[in-house]
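# An overview of the molecular structure
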Amino acid sequence: MTRLRITSLLTIGTLAAALLFTGCGQSKSQVDSATENQILLYGNKAEPQGLDPHVVEGVGEHQIIASLLEGLVTEDPKTLSPIPGQAEKWEMSPDGKTYTFHIRKNALWSNGDPVTAQDFVDSYIRLLTPSLGSRYSYMLHCIEGAADYNTGKLKDAAKVGVRAIDAKTLEIRLNCPTAYLLDMMAQHYTWWPVHIPTIRKSGDPFTPGNNWTRPETFVGNGPFVLKEWRPNNVLRVRKSTNYWDASTVRLNGIDFLPIESVDGEERAFRAGQLHRTEEVPAAKIDVYKKENSNLLRIDPYLATYFFRFNTTLPQLKDKRVRQALTMAVDRKAIVETVTRGGQQPAYAFTPPDTKGYTSRAQVKFDVEGAKKLLADAGYADGKGLSVEIHYNTSENHRAIAEAVQQMWKKNLGVDATLRNEEWKVYMATQNATNYVVSRAGWTGDYPDPSTFHETFLSNSGNNRTGWDNPEYDRLVKEAACMVDEKARYENFQKAEAILLDELPLLPIYYYTRVFLLHPSVKNWHPTFLDHHPYKHVYLEAPAK
Amino acid sequence: MLRFITFRLLQAIPVVFIVAAATFIMCRQIPGGPFDSEKPPPPEIKRQLESFYGLNKPLGQQTLDYLWSICPKKFMPHRLFLDANNDGRADFDLKAAFGSDFGPSFKSVRSVNETIADSFPVSFQLGAMALAIALLLGIPAGVAAALRPNSWVDYFASGISMLGVCVPTFVMGPILVLVFALNLRWFNASGWFDFKDQLLPSLTLGIAYAAYVARLTRGGMLEVLNQDFIRTARSKGASEGRVILKHALRGGLLPVISFLGPAAAGIITGSFVIETIFQVPGLGRHFVTSAFNRDYFLITGTVVFYAALVVLFNLAVDVVQVWLNPKLKFE
């Protein structure tokens, strides 16, 4: 009796559940209905650590903040060159050291307040205030007095070279002419304004941990406003009515979905839950190339993958050894058989065509030459040379390290060992220059060769190789203040020639951005920083 | 019984504090710090940040500060489930209820209290459903297997549960997604928005535990079914259903109950694997990512929270066992 009853109850339950779920079968995917509503479903991988442009430091955060805030200038959707944003026009003084920006009359915050020159002054002073501990404050150090104020040497904020001439006119005085100033302003969120009165309501604006970026309190000046933020679930922005250029904005909103697992993100894309993914699982790239090449995008990216050499070690002190190890690596084979994501083999440090700059000096793949150099340095056939490749734990990094290990063994007879460390341990090891050869990557902060060259200055915290060269330092520092682009790039050419002769690094490949994009997304141009000014993007269902 | 519970709770307090202090000190010994990154901050900025978060004080002092900060200072459990910001979800505010402040997070703008408040209810929901599935599948399967030992029913149930134990969730999850989300299109592949989104993750998690429950039930039932009082019940003419449900199950479930205590604490505090596969905004991910980020307060906060739950659930298990097993007494 009991058993019969249980069985029948179970049967009825199963049937009901089956009916319920088949009834729910989705004929229309989320992407389809979002396309109709002009809502972009954006897979942005990591949950943002916050939305305060003066506190956060990630690339994923940029993608969200770019929808909520706008700087004095903004980006051209195709070239990313600076175009008028909150400022309708600007003038540069003849010596290139003073910029005057004229802010639009109709530039408003999302709460209706006008955007004023004082807002920018207050924002920049906040960013530079030492107690805030902003990690990107160095981006503003080109402003007169900014570096001193940021490090606490200068106490008077009024002495920092930024001032409001009147409500809508802003003056910025620089230490020296800075050719890439407008690029930084357009592309980096440290240069975008925040609404200080709003921040004050949630606590001290000048310490970290102020949680003002909640949907209830957030005030911005960009094309979208923050509508909803459920951590690790979804962050929704919707079109702002107060934005000065609201008529250009065609999207009604963007849903940012933080899907951390690469495979999970790809499954969500296939299930019709995303318009755009952050990545594609490496093993699936070939499948997409073959079967769904219209969904796969491979865009260039302003970043270089390389190995650092610890130049303080006796075996790597001799540049001939570094040159030999560099020349013995077949980069073409690495990108074609190991990484397979459309990466370009790197024969210089700065990616080609970085704002019109391509390094003339290039390293070569030359096994015979490498053998000879190694023999000259006293390590004929690799005898007596001990090398260890250090990398952060990851399948991809291991595969590349193994490939290089094999090439060194086969081409030079050098026996290399591998050592992997968890990310933070690896970072600590690298910062202490406690390695032999260590894997690294560098992403440009803004499209200008200086963002690459400055990392190898002798006093740069990003050098981490123990290498220093006074002539290199002189050329790069001089270029920072040069106005004439041709002369400036000539300095970089000379500097890069030194870098590629001395080789504190072994360039391997230039990154690409490999991702999936639904065909309904329009105006999503390949840009080398993966920026896609959202006000130009729109959705259109592909014709059936 | 009240004395027993009070005594055990008093015992639990030093346990949780020792766990807190040990975790706090241990996670500080790992190389690398919260501010080490590919683009590390300049030394003066790093000093600023460290002094803001109190990381420049001696470690002993920091530990004492931390222990005092998490120490409950009031007892207002009704305020735990208030909804102060009126978003329709309970805040689960440990600070408002007990005055325990677990500190800031270095990585996120949300404090550790907020992170637990955001994610624990989600994990609880997922865990409760998974537990229900585990019990609903596991107990009947175990009972059925025990009733006909070494028959095809037994082999079938044991075989399936063996499979459940052996197939890890990171295989089961994607298979379920492949079938139900990508081919049949009944569910979303990931996300946590409505009730439907909860089914695949809870099923994946539930099946893994159902397998253990089934095996434990079978073992427990087999032992009980051979005992004299069952024979007595049968000889008295009690129906088979009554013998099983009323007499045998009570004793047969004892191994399941002792397994369930710590398992339930684990299951409702989330699973990193399930949360990653299905993009569930639960607590489990924070155990793992906080360690990667050297987010010291979040590491310790999640561990302390988990430890407190384990202690509580173990106590609950002891109470239930005394109630089920007449041989045990509160002492």
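Our subject in this report is the structure included herewith. The shown structure was predicted, so the numbers you read here are calculated from the model rather than taken from an experiment. (Residues numbered from 1 in each chain as written. Chains lettered and ligands numbered in written order. Predicted model: local features only at pLDDT ≥ 70, side-chain atom pairs only at ≥ 80, totals over all residues. Heavy atoms only, no water.)

Counting its regular elements, chain A contains 18 helices and 18 strands. Here chain A has a C-alpha radius of gyration of 26 Å; the compact-globule value for 544 residues is 24 Å, and the two agree. With the C-alpha coordinates of chain A rotated into their principal frame, the extents come out at 85 × 80 × 45 Å. By residue count, 58% of the 544 residues in chain A fall in the buried class. (Helix = DSSP H or I, 4+ residues; strand = E, 2+ residues; numbered from the N terminus. Rg over C-alpha atoms; globule rule 2.2 N^0.38 Å. Buried < 20%, exposed > 50% of the residue type's maximum accessible area, 1.4 Å probe, protein only.)

It is worth spelling out the overall build of chain B at this point. Helix and strand content of chain B: 14 helices and zero strands. Structurally, chain B occupies a C-alpha span of about 80 × 55 × 40 Å along its principal axes. Here chain B holds 331 residues, and the buried ones make up 49% of them. Here the contacts in chain B between residues at least 6 apart in sequence split such that 71% fall between residues at least 24 apart. Accessible area of chain B: about 16000 Å², with a carbon and sulfur share of 68%. Here chain B carries 29 positive and 22 negative side-chain charges, and the mean point of each set is 8 Å from the other. (Contact = heavy atoms within 4.5 Å. Areas by Shrake-Rupley, 256 points an atom, 1.4 Å probe, with all protein chains shown as cover. Lys, Arg positive; Asp, Glu negative; His and termini not counted. Charge placed at Lys NZ, Arg CZ, Asp CG, Glu CD.)

This brings us to a nonpolar patch on the surface. All names here are of chain B. A cluster of nonpolar residues, Phe170, Val171, Ile175, Leu178, Val179 and Leu184, forms a patch on the protein surface that exposes about 490 Å² of accessible area. Looking at where Val171 falls in the secondary structure, it is placed in helix H7 (residues 169-183). Accessibility expressed as a relative area gives 34% for Val171, which makes it partly exposed. (Patch = residues over 30% accessible without salt bridge, like charges linked within 9 Å, V, L, I, M, F, W, Y side chains within 5 Å. Salt bridge = Lys/Arg side-chain N within 4 Å of Asp/Glu carboxyl O.)

Per the counting criterion, the structure on display carries one disulfide over all chains. A disulfide bridge connects Cys176 of chain A with Cys481 of chain A, and the sulfur atoms are separated by 1.8 Å. Across the S-S bond linking Cys176 of chain A and Cys481 of chain A, the dihedral sits near -80 degrees, which makes this disulfide left-handed. Separated by 305 residues along the polypeptide, Cys176 of chain A in the loop between strand E7 (169-173) and helix H6 (181-187) and Cys481 of chain A in the loop between helix H17 (470-480) and helix H18 (485-502) bring together distant segments of the chain. The thiol sulfur of Cys142 of chain A is not disulfide-bonded, and the nearest other cysteine sulfur, from Cys176 of chain A, lies at 8.1 Å. Not engaged in a disulfide, the cysteine Cys27 of chain B finds its nearest cysteine sulfur in Cys71 of chain B; these two sulfurs lie 19 Å apart. Judged by relative accessible area, Cys27 of chain B falls into the buried class, the value being 5%. (Disulfide = S-S within 2.5 Å.)

A separate point is the pattern of salt bridges. Two side chains bearing opposite charge may form a pair once their charged atoms approach each other closely. Residues and elements named next belong to chain A. Considering all chains together, one arrives at 47 salt bridges over all chains under this definition. With a shortest N-O distance of 3.0 Å, Asp530 and Arg276 are connected by a salt bridge. On the criterion of sequence distance, the pair formed by Asp530 in the loop between strand E17 (521-522) and strand E18 (538-539) and Arg276 in the loop between helix H8 (262-270) and helix H9 (282-291) is long-range, its members being 254 residues apart. With respect to class, Asp530 is no different from Arg276; both count as buried. A salt bridge links Asp415 to Lys409; the shortest N-O distance between them is 3.1 Å. Salt bridges sharing common partners tie together Glu228, Arg230, Arg236, Arg238 and Asp255.

Attention now moves to H18 of chain A. All names here are of chain A. For H18, spanning 18 residues, the distance from its first C-alpha to its last is 25 Å, which sits close to the expected 26 Å at 1.5 Å a residue. Taken as a whole, H18 has its buried residues at Arg488, Tyr489, Asn491, Phe492, Gln493, Ala495, Glu496, Ile498, Leu499 and Leu500. Where H18 is buried, its residues touch helix H16 (450-453), H17 and strand E16 (505-516). Looking one or two residues beyond H18, the residue adopting positive phi is Leu503, at roughly 50 degrees. (Expected span 1.5 Å × (residues − 1).)

With that settled, the discussion passes to the sheet that holds strand E4 (residues 87-92) of chain A. The pairing of strands in a sheet comes from backbone hydrogen bonds and takes either a parallel or an antiparallel form. All names here are of chain A. With antiparallel pairing, the four strands of this open sheet are ordered in space as E4-E5-E7-E6. Each having just a single partner strand, E4 and strand E6 (162-166) make up the two edges of the open sheet. Geometrically, the sheet is characterised by an average inter-axis angle of 20 degrees between neighbouring strands, direction not taken into account. Alignment of E4 against strand E5 (residues 98-103), held across five bridges, turns out to be antiparallel. Paired with Trp90 across the two strands is Phe101, which belongs to E5. Against the sheet, helix H4 (residues 117-128) contacts E5, E6 and E7, and its axis sits at roughly 170 degrees relative to E6. (Pairing = 2+ DSSP bridges. Axes fitted to C-alpha atoms, helices over the stretch in contact; angles between N-to-C directions.)

Each partner contributes to the interface: chain A provides 60 residues, whereas chain B provides 54 residues. Contact between chain A and chain B buries roughly 4900 Å² in total, counting both sides, with carbon and sulfur atoms accounting for 53%. Joining chain A to chain B, the criterion identifies one salt bridge. The residue Arg294 of chain B makes a salt bridge to Glu422 of chain A at a minimum N-O spacing of 2.6 Å. (Buried area = accessible area lost by both parts, 1.4 Å probe.)

A few words on H7 of chain B. An ideal rise of 1.5 Å per residue puts 21 Å on 15 residues; H7 of chain B measures up with 20 Å between its terminal C-alpha atoms. Its axis deflected by about 30 degrees at Val177 of chain B, H7 of chain B carries its strongest bend there. Thr169, Met172, Gly173, Pro174, Leu176, Val177, Ala181 and Leu182 of chain B are the residues of H7 of chain B that are buried. The inward-facing, buried residues of H7 of chain B contact H8 of chain A together with helix H8 (195-225) and helix H12 (272-278) of chain B. In the stretch just after H7 of chain B, Arg185 of chain B is the one whose phi turns positive, near 60 degrees. (Bend = angle between axes of the 7 residues up to and from the residue.)

This next bit is on a positive patch on the surface. Residues Lys236, Arg242, Lys246 and Arg250 of chain B make up a contiguous surface patch of positive charge. Tracing the chain through its elements places Lys236 of chain B in the loop between helix H9 (228-235) and helix H10 (240-252).

Before going further, it helps to examine the packing of H7 of chain B against H8 of chain B. All names here are of chain B. Close contact between H7 and H8 brings their axes to 10 Å; oriented N to C, the two are set at 140 degrees. With respect to H8, the element H7 is oriented oblique. In terms of crossing hand, the pair formed by H7 and H8 is right-handed. Contact residues: H7 offers Thr169, Met172, Gly173, Leu176, Val177 and Phe180, while H8 offers Leu200, Leu203, Thr204, Ile207 and Ala208. Partitioning the contact of H7 with H8 into residue classes produces eight nonpolar, three polar and no charged. (Parallel < 35°, antiparallel > 145°, perpendicular 65-115°, else oblique. Left-handed = near helix turned anticlockwise from the far one by under 90°. Nonpolar A, V, L, I, M, F, W, Y, C, P; charged D, E, K, R; others polar.)

This paragraph deals with the side chain of Glu171 of chain A. Residue and element names in this part refer to chain A. Relative to the elements of secondary structure, Glu171 occurs in strand E7. Judged by its relative accessible area of 12%, Glu171 is buried. Of note is the side chain of Glu171, whose polar atom sits 3.2 Å from the side chain of Arg173. (Polar contact = N/O pair within 3.5 Å; in protein donor to acceptor, adjacent residues only side chain to side chain.)

To continue, consider the nonpolar core. If you look at the biggest cluster of nonpolar residues, it comprises 74 residues, and the most contacted ones within it are Phe92, Leu94, Ile116, Phe120 and Phe305 of chain B. Considering each element in turn, this core owes the most residues, 13 residues, to helix H5 (residues 112-147) of chain B. Membership of the second largest hydrophobic core comes to 73 residues, among which are Phe224, Tyr243, Phe256 and Trp524 of chain A. (Core = buried A, V, L, I, M, F, W, Y, C linked by side-chain atoms within 4.5 Å.)

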